[in-house]
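Each chain, written out:
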Amino acid sequence: MFTLKHENSYGRLFSILFFACIAIEVTAEMFSSKLLIYIFKPLISIGIMVLYWNASKVKTPLFFATILLSMITNILFIPNTYELLIIALLVFMIHRILLIYYVIQLIKLEDYVPLLIAIVPFLFVFFYLLSISSDSSASGYFVLIIQNILISIVGGLALSEYVMNYNKMNTWLFIFGLLSVMQYFIVFIEKYYLMSLAPTAFRPLAMLLNASVLYSFYRFIINAENVNNKISALDND
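(A) Here's a closer look at the overall build of the protein chain. Helices and strands together make up the secondary structure of the protein chain, namely eight helices and zero strands. For the protein chain, the succession of helices and strands along the chain, N to C, is α-α-α-α-α-α-α-α. Burial status across the protein chain gives 49% buried among its 237 residues. Considering only residue pairs separated by 6 or more positions, the protein chain has 74% of its internal contacts joining residues 24 or more positions apart. Accessible surface, the protein chain: about 11,900 Å² in total, of which carbon and sulfur atoms supply 73%.

(B) Quick peek at the packing of helix H2 (residues 34-55) against helix H3 (residues 61-77). For the pair H2 and H3, the least separation of the axes is 8 Å and the interaxial angle reads 170°. Viewed along their axes, H2 and H3 adopt a mutual orientation that is roughly antiparallel. Taking contact as the criterion, the partners of Lys41, Pro42, Ser45, Ile46, Ile48, Met49, Tyr52 and Trp53 in H2 are, on H3, Phe63, Phe64, Ile67, Met71, Asn74 and Ile75. Residue composition of the contact of H2 with H3, grouped by class: eleven nonpolar, two polar and one charged.

(C) Expanded view of the packing of aromatic side chains. What the rule picks out here adds up to 15 aromatic pairs. Taking NZ or CZ as reference, lysine 59 lies 5.2 Å from the ring centre of tryptophan 53, over its face.

(D) Highlighting empty space enclosed by the protein. Taken as a whole, this structure holds four cavities of 30 Å³ or more when the rule is applied. The volume enclosed by the largest cavity comes to roughly 370 Å³. Around the largest cavity, the lining comprises 22 residues; the ones closest to its centre are Asn74, Phe77, Gln183, Val187 and Ala206. For the lining of the largest cavity, the secondary structure elements donating two or more residues are H3, helix H4 (82-107), helix H7 (168-192) and helix H8 (203-236).

(E) Spotlight on helix H1 (residues 9-30). Across its 22 residues, H1 extends 32 Å between first and last C-alpha, which sits within 8% of the 32 Å expected from 1.5 Å per residue. Buried within H1 are the following residues: Gly11, Ser15, Phe18, Cys21, Ile22, Glu25, Val26, Ala28 and Glu29. Down the axis, H1 shows its buried residues gathered within 155° of arc, on one side only. Among the residues trailing H1, serine 32 stands out with phi positive, at a value near 55°.

(F) Focus on the environment of tyrosine 38. Structurally, tyrosine 38 is set in helix H2. As a C-alpha pair, tyrosine 38 and isoleucine 78 span 40 residues in sequence and 7.6 Å in three-dimensional space. In contact with tyrosine 38, not counting residues within four places along its chain, are Ile78 and Pro79.

(G) Examining the packing of H1 against H2 more closely. Between H1 and H2, the shortest axis-to-axis distance is 9 Å and the interhelical angle comes to 160°. Judged by the angle between their axes, H1 and H2 are roughly antiparallel. Considering the relative orientation of H1 and H2, their crossing is left-handed. Each of Tyr10, Gly11, Phe14, Ser15, Phe18, Cys21, Ile22, Ile24, Glu25, Ala28 and Glu29 in H1 lies in contact with H2, whose residues at this interface are Leu36, Ile37, Phe40, Lys41, Leu43, Ile44, Gly47, Ile48, Val50, Leu51 and Asn54. Classifying every residue of the contact of H1 with H2 by side-chain character gives 15 nonpolar, four polar and three charged.

(H) Just the side chain of glutamate 161, in detail. By the element assignment, glutamate 161 lies in helix H6 (residues 138-164). For glutamate 161, the contacting residues outside a window of four places in its chain are Ile107, Leu109, Tyr166, Asn170 and Leu173.

(I) View of unusual backbone geometry. With a phi angle near 55°, serine 32 is a residue other than glycine that sits in the positive phi range. Relative to the helices and strands, serine 32 resides in the loop between H1 and H2. Of note, the phi angle at lysine 59 is positive, near 55°, even though the residue is not glycine. Examined against the element boundaries, lysine 59 turns out to sit in the loop between H2 and H3. Judged by its relative accessible area of 27%, lysine 59 falls in the partly exposed class.

Cut-offs applied
Residues numbered from 1 in each chain as written. Predicted model: local features only at pLDDT ≥ 70, side-chain atom pairs only at ≥ 80, totals over all residues. Heavy atoms only, no water. Helix = DSSP H or I, 4+ residues; strand = E, 2+ residues; numbered from the N terminus. Buried < 20%, exposed > 50% of the residue type's maximum accessible area, 1.4 Å probe, protein only. Contact = heavy atoms within 4.5 Å. Areas by Shrake-Rupley, 256 points an atom, 1.4 Å probe, with all protein chains shown as cover. Axes fitted to C-alpha atoms, helices over the stretch in contact; angles between N-to-C directions. Parallel < 35°, antiparallel > 145°, perpendicular 65-115°, else oblique. Nonpolar A, V, L, I, M, F, W, Y, C, P; charged D, E, K, R; others polar. Phe/Tyr/Trp six-rings, centres within 6.5 Å; stacked < 30°, edge-to-face > 60°. Lys NZ or Arg CZ within 6 Å of the ring centre and 35° of its normal. 1 Å grid on protein atoms, 1.4 Å probe; cavity = no way out; pocket = protein on both sides within 12 Å on 5 of 7 lines; lining within 4 Å. Points joined across faces, edges and corners; volume = space filled by probe spheres on them. Expected span 1.5 Å × (residues − 1). Arc of directions from axis to C-beta. Left-handed = near helix turned anticlockwise from the far one by under 90°.

Encoded structure:
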């Protein structure tokens, strides 16, 4: 599961180093080691970019831009201040928009009705949580509305594609979408309901989910590229 079927020796080495970085980063979050967090949190994103560069035949700039924005967001989350949280959410908003565009391009979405139906339960849950949150800042409220819509689209894309077009590619998309929703839910609860608790209560779990999101996204992209390459090859025959 953790390595690609046709991964070369470099890919297997990079995978081992990637999962080692995850283990160190999660441990650093448990013990609130800021130095290790500042070092290994960006390394996880860099590791995913290295894995993609090694495995992909396409090497699209969109992938690197998407992961880079995610890395910037994660770095801005480290200090755990309200001001940087808002900036991080703005950067993450751009990341989500780019990611959604990227996914839609790869899956070649044509029928939007299943997507619109699948979005509804996610919108209901996250807007309910927002309605009972204690955040009274107008700017923060607006950013969270956009974030709720974007994560609902991510969840809706993953769910609708998995149900309507079941295959290996969409299985990875579903795993990515499910983990993304779980990660957003954990971060939302921590930042807006349980800020009085020690960060060690949720941050290791959030970091583990974040790394899992990145890895499942990478696996989806590689599978999607392979499928699209095969389709293009057949069309050219």
